[in-house]
Amino acid sequence: MSTPVTVSVDCPAKTNLTLEVGPSHAEWGGRHELDTIYCAVSLTDTVTATAKPAGAGFSLDLAGEHLGDLASSSSDMRRNHAVLALFAMAEAAGREPDVALTIEKRIPVGAGLAGGSADAAATILALNALWELDWPLDRLREVAATLGADMPFCVAGGYAHGTGYGEIIETIPDDSDAARALREQGYAGSLLVGAYQAQLSTPEVYGEFDVVGAGDGDRNHLQKAAVSLHPRSGTAIREALAAGATHAFVSGSGPSVVAFTPTPAIRRDVIAAWERSKAVDRIIAAEAPAAPSVSVTVAR
Ligand SMILES: C[C@](O)(CO)[C@H](O)COP(=O)(O)OP(=O)(O)OC[C@H]1O[C@@H](n2ccc(N)nc2=O)[C@H](O)[C@@H]1O
Ligand SMILES: Nc1ncnc2c1ncn2[C@@H]1O[C@H](COP(=O)(O)OP(=O)(O)OP(=O)(O)O)[C@@H](O)[C@H]1O
């Protein structure tokens, strides 16, 4: 058998098709109880992990046009979610973190699309292959859950039901009645992501939720808080719905907006409305649901 030398993983962003927020729990570090339907979106970051010689340590290279606060000189590489995932996997596997990581970032940063979690999940999947661990999904999710609420979902993508603080994942298989119902309700196929230069901090949005609560009829309980901190997201939602989107909502903790567009004509109308009003800074076309993909290069 040939040894893997480089593993590349394309890992999708996530959104929440429903996000019910309950009380916060001190034993979860102040995190809130959640009941959510996660959905992975085919807007991916690519994480590449390459074996380095023993004792060489780790390195991280970031590429992409929209790196948000990751581009600033004060951004600490050792706090990057991918690097935290490398250290967590090294500890769990009893290995040294002698790995070069590169991230090609396409998922907007601090956008409610779980870009950092996707990079961590991609790193976990890459190391599982690079180190030939062959651990099952549940074991990978256990490592992911030590790092963040969204990460266990991101390891497999698709649709899933999340409870606890978001880390308890029950997959919704493609051929299940629940997945069929989501597709019939229009939560599948083409969508547009309205993205912003501005970032929202997830703890700040939960803090605002604790003050303003959920909006009447909102399937995403964080939407009202996100829109109160970033009103342009509310404008983008109204415009997408007026242009015929089946659903339009703040993604997770925002500020990004996701609009499901059932036909090419509606997609064009939503794009035209957003371009005219400048309610969003950038428009990204994607599909849902999506899943990570792993590609392995072996030594010759
Ligand atoms: C908004 C969502 O993206 C929806 O899926 C997630 O709940 C956030 O997931 P995440 O960014 O992976 O969150 P973590 O990194 O675990 O936590 C960051 C911070 O968000 C808040 N947080 C997060 C998850 C949760 N269930 N309740 C919370 O109140 C807490 O202030 C926490 O300190
Ligand atoms: N690999 C990474 N990609 C993106 N952000 C990262 C990464 N590592 C650390 N971060 C930090 O995490 C913060 C949140 O970024 P991220 O893009 O994950 O936000 P988010 O999509 O709002 O998260 P979520 O939806 O999971 O709450 C940013 O301020 C960023 O500096």
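Here, the structure is the one placed above.
Everything in this summary refers to the structure shown in the same document. (Residues numbered from 1 in each chain as written. Chains lettered and ligands numbered in written order. Predicted model: local features only at pLDDT ≥ 70, side-chain atom pairs only at ≥ 80, totals over all residues. Heavy atoms only, no water.)

1. What to know about the pattern of salt bridges
Point 1. Within this structure, the stated rule accounts for 6 salt bridges.
Point 2. In this structure, Lys-105 engages Asp-119 in a salt bridge whose closest nitrogen and oxygen atoms are separated by 2.9 Å. Of this pair, Lys-105 sits in the loop between strand 4 (99-104) and helix 2 (115-130) while Asp-119 sits in helix 2; the two residues are 14 residues apart in sequence, bridging distant segments of the chain. The pair formed by Lys-105 and Asp-119 is uniform in burial state, with each residue classed as buried.
Point 3. When salt bridges that share partners are traced, they join Asp-45, Lys-105 and Asp-119 into one network. (Salt bridge = Lys/Arg side-chain N within 4 Å of Asp/Glu carboxyl O. Helix = DSSP H or I, 4+ residues; strand = E, 2+ residues; numbered from the N terminus. Buried < 20%, exposed > 50% of the residue type's maximum accessible area, 1.4 Å probe, protein only.)

2. Looking at the nonpolar core
Point 1. Judged by nonpolar contacts, the single largest core of 64 residues is most densely connected at Leu-17, Met-89, Leu-101 and Trp-131.
Point 2. Considering every element that reaches this core, the biggest residue donor is helix 2, with 9 residues.
Point 3. Two domains share this core, each providing at least three of its residues, namely domain 1 (4-174) and domain 2 (186-288).
Point 4. The contacts of Leu-17, once residues within four sequence positions are left out, are Ile-37, Cys-39, Tyr-159, Leu-182, Tyr-187, Arg-219, Phe-249 and Phe-260.
Point 5. Core analysis: the next-biggest nonpolar cluster, separate from the first, contains 26 residues, Leu-19, Tyr-196, Val-270 and Trp-274 among them. (Core = buried A, V, L, I, M, F, W, Y, C linked by side-chain atoms within 4.5 Å. Domains from an automatic or database assignment. Contact = heavy atoms within 4.5 Å.)

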